[in-house]
Amino acid sequence: MGLIRHVVCAMSGGVDSSVAALLLKRSGYNVTGVFMRNWDSLDESGVCTTEKDCEDAFKVCQILDVPFHQVSYVKEYWHDVFSNLLKEYEKGRTPNPDILCNKHIKFNHFHKYAINTLGADAMATGHYARTSQEDEEVFQQPYTPPPTSLFRDRFEIRNSVKLQKGADLVKDQTFFLSQISQEALRQTMFPLAGLTKEFVKRLAAEAGFHHVLRKKESMGICFIGERNFENFILEYLDPKPGNFVSIEDGTTMGTHKGWFTLTLGQRARIGGQRDAWFVVDKDIVTGDVFVVRKSASFFKKKTLALGSK
């Protein structure tokens, strides 16, 4: 009998990671499920969704009869992800928390925990993506110690592993994985690479994962979940009221609580307006947020220009 490989699967309590663990188990791997706690807070309704997600992940591991662990990266998430998020918002930019989360938490701290602490041969996630290497190649990656000098050996042979799109182009998540390290990518498996979301749901139903199938798909901030963004961000940044200003004629259309609560292209909630207004620019010095009506010629020209590229 050949060597049974040990794979640690990141479990979120959702359908994708649950089916990823199922497929690993069916492939004959020794699977361990691990749930990450990265945020300690209640949602706006007073419900701690982390507890429910953890319970759902544990139930899946019970059904699969695989070990289940929990690990906390609350401190690391705050320093490596959320603090950077706040700084970017204060500068008037719109950061992508999923990219930071994958880079610093899942494919850094969690990857090291899976390989070094749990002694896994590889880690796996429920992302819709694939790599340029086959599953068995993941276990054949030699350990490469970090360079001792500031410069690479120019004669070094670099056989990099490429991140590629999976079968489901609608659910493609390679953009959110674009900054993970080569070291982590070499030791990561994506069991859902060749599947569509609909087929994943069918597998979950057949496996009896009805408790995760009933859950609404998460579209919120990585590990924080869906929130009223304005209320949530104002818990961490002081309000900086400013004006909504029409980019057409400079008219003040209304007020907002802070430019960092808005992003370009977003619909601006301006009371008393019949037309829909959208954010097109921000001035973090004056606090003005420039908006334009959807029916305005400026908006139509911009839309046509973007469509022609």
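Residues numbered from 1 in each chain as written. Predicted model: local features only at pLDDT ≥ 70, side-chain atom pairs only at ≥ 80, totals over all residues. Heavy atoms only, no water.

An unreviewed UniProt entry annotates the chain as Mitochondrial tRNA-specific 2-thiouridylase 1 of Nothobranchius furzeri. According to the UniProt record, the Subcellular location (unreviewed entry) comment for the chain reads "Mitochondrion". Taken verbatim from the UniProt record of the chain, the Sequence similarities (unreviewed entry) comment is "Belongs to the MnmA/TRMU family." (UniProt positions renumbered as here; feature names shortened; annotations may be inferred.)

S.K.: Give a detailed account of the state of the cysteines, specifying residues and quantitative values.
M.R.: For the structure shown, the criterion picks out 0 disulfides. We note that Cys54 lacks a disulfide partner, and the nearest cysteine sulfur, in Cys61, lies 9.5 Å from it. The exposure class assigned to Cys54 is buried, which follows from its relative accessible area of 6%. A disulfide-free cysteine, Cys61 has its sulfur positioned 8.0 Å from the sulfur of Cys9, the nearest such atom. (Disulfide = S-S within 2.5 Å. Buried < 20%, exposed > 50% of the residue type's maximum accessible area, 1.4 Å probe, protein only.)

S.K.: How would you sum up the environment of Val292? Please name residues and give values.
M.R.: Its place among the elements puts Val292 in strand β12 (residues 289–293). Overall, the relative accessible area of 0% leaves Val292 in the buried class. (Helix = DSSP H or I, 4+ residues; strand = E, 2+ residues; numbered from the N terminus.)

S.K.: How would you sum up the environment of Val291? Please name residues and give values.
M.R.: On the secondary structure map, Val291 appears in strand β12. Discounting chain neighbours no more than four positions away, the residues touching Val291 are Phe244, Val245, Ser246, Ile247, Met253, Ala268, Ile270, Trp277, Phe278, Val279 and Val280. (Contact = heavy atoms within 4.5 Å.)

S.K.: Tell me what's going on with the nonpolar core, and back it up with residues and numbers.
M.R.: Phe110, Phe244 and Val291 are the most contacted members of the largest nonpolar core, which has 44 residues in total. Of all the secondary-structure elements, those providing two or more residues to this core are β1 (6–11), β2 (30–37), α3 (74–90), α4 (97–117), α6 (182–186), α9 (229–233), β11 (277–282) and β12. With 8 residues, the top contributor of residues to this core is α4. Ala20, Cys61, Ala122 and Phe209 belong to the second-largest nonpolar core, a separate cluster that totals 31 residues. (Core = buried A, V, L, I, M, F, W, Y, C linked by side-chain atoms within 4.5 Å.)

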